[in-house]
Amino acid sequence: MGKFFYIEGAYLILAAIVLMVTLFVTTRPFMGKNAKKRGMMYVSLFLAVAIGAHYWVTTSRMEKVKEAFVRGEPIICESRIVRKGAQSLILKKSLGWRLEGDYFVSDAYVRPFFSARCVVYKK
């Protein structure tokens, strides 16, 4: 459950804001009498499905990346350390990288790379 809140935390906050806006708009005098109930229900359902789908896609990609890394395939990760030059980095097990939980770690880099920000490199 902690992984869900870590990956989807920003989207949950945005969903709460969208629900507050929906509540505000549906309680205006020009809206129909069932607008609040229907609006909150449909918007909540849409947000729940969208956030759930995003979590499923992200965790599926993370598993594929981890499996490919264990097989020795190259992985491309987003680099947030250097913003000016190359913004991605190719990781390989043979280059001294290791997998610790959901993070790729190397003694040559200060920060670890979260596997949700990586993809399998296909030539």
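Read on for an overview of the structure. (Residues numbered from 1 in each chain as written. Predicted model: local features only at pLDDT ≥ 70, side-chain atom pairs only at ≥ 80, totals over all residues. Heavy atoms only, no water.)

This next bit is on the nonpolar core. Nonpolar side chains in soluble globular proteins generally cluster together in the buried interior. Counting residues in hydrophobic clusters, the biggest one holds eleven residues: Val65, Ala68, Phe69, Ile75, Cys77, Leu89, Leu91, Trp97, Phe104, Phe113 and Cys118. When contributions to this core are tallied by element, the ones reaching two or more residues are α2 (35–70), β1 (75–78) and β2 (88–91). Counting residues per element, this core draws most heavily on α2, at three residues. In this view, Val65 contacts Ile75, Phe104, Cys118, Val119 and Val120; residues no more than four positions away in its chain are not counted. (Core = buried A, V, L, I, M, F, W, Y, C linked by side-chain atoms within 4.5 Å. Buried < 20%, exposed > 50% of the residue type's maximum accessible area, 1.4 Å probe, protein only. Helix = DSSP H or I, 4+ residues; strand = E, 2+ residues; numbered from the N terminus. Contact = heavy atoms within 4.5 Å.)

Between helix α1 (residues 2–26) and α2, the least distance of the axes is 10 Å, while the angle of their chain directions is 165°. Put simply, α1 runs roughly antiparallel to α2. Every pair of crossing elements has a handedness; the one defined by α1 and α2 is right-handed. Per-class residue counts for the contact of α1 with α2 are 15 nonpolar, seven polar and three charged. (Axes fitted to C-alpha atoms, helices over the stretch in contact; angles between N-to-C directions. Parallel < 35°, antiparallel > 145°, perpendicular 65-115°, else oblique. Left-handed = near helix turned anticlockwise from the far one by under 90°. Nonpolar A, V, L, I, M, F, W, Y, C, P; charged D, E, K, R; others polar.)

Its place among the elements puts Glu8 in helix α1. We note that Glu8 is buried and unpaired, the nearest opposite charge coming from Arg117 at a distance of 8.2 Å. Engagement of the side chain of Glu8 in a polar contact is seen with the backbone nitrogen of Tyr55, the distance being 3.4 Å. Apart from the residues lying within four places of it in its own chain, the contact partners of Glu8 are Ile51, His54 and Tyr55. (Lys, Arg positive; Asp, Glu negative; His and termini not counted. Salt bridge = Lys/Arg side-chain N within 4 Å of Asp/Glu carboxyl O. Polar contact = N/O pair within 3.5 Å; in protein donor to acceptor, adjacent residues only side chain to side chain.)

One pass over the structure, following the stated rule, counts six aromatic pairs. Between the aromatic rings of Phe4 and Tyr55, the centroid separation amounts to 5.1 Å while the plane-to-plane angle is 75°, which identifies the pairing as edge-to-face. Within this pair, whereas Phe4 is found in helix α1, its partner Tyr55 is found in helix α2, the two being separated by 51 residues in sequence. Since its relative accessible area comes to 23%, Tyr55 is described here as partly exposed. Consider the rings of Tyr103 and Phe114, whose centres lie 5.1 Å apart with planes at 40°: the pair is tilted. Of this pair, Tyr103 sits in strand β4 (residues 103–105) while Phe114 sits in strand β5 (residues 113–114); the two residues are eleven residues apart in sequence, bridging distant segments of the chain. A relative accessible area of 29% means that Tyr103 is categorised as partly exposed. (Phe/Tyr/Trp six-rings, centres within 6.5 Å; stacked < 30°, edge-to-face > 60°.)

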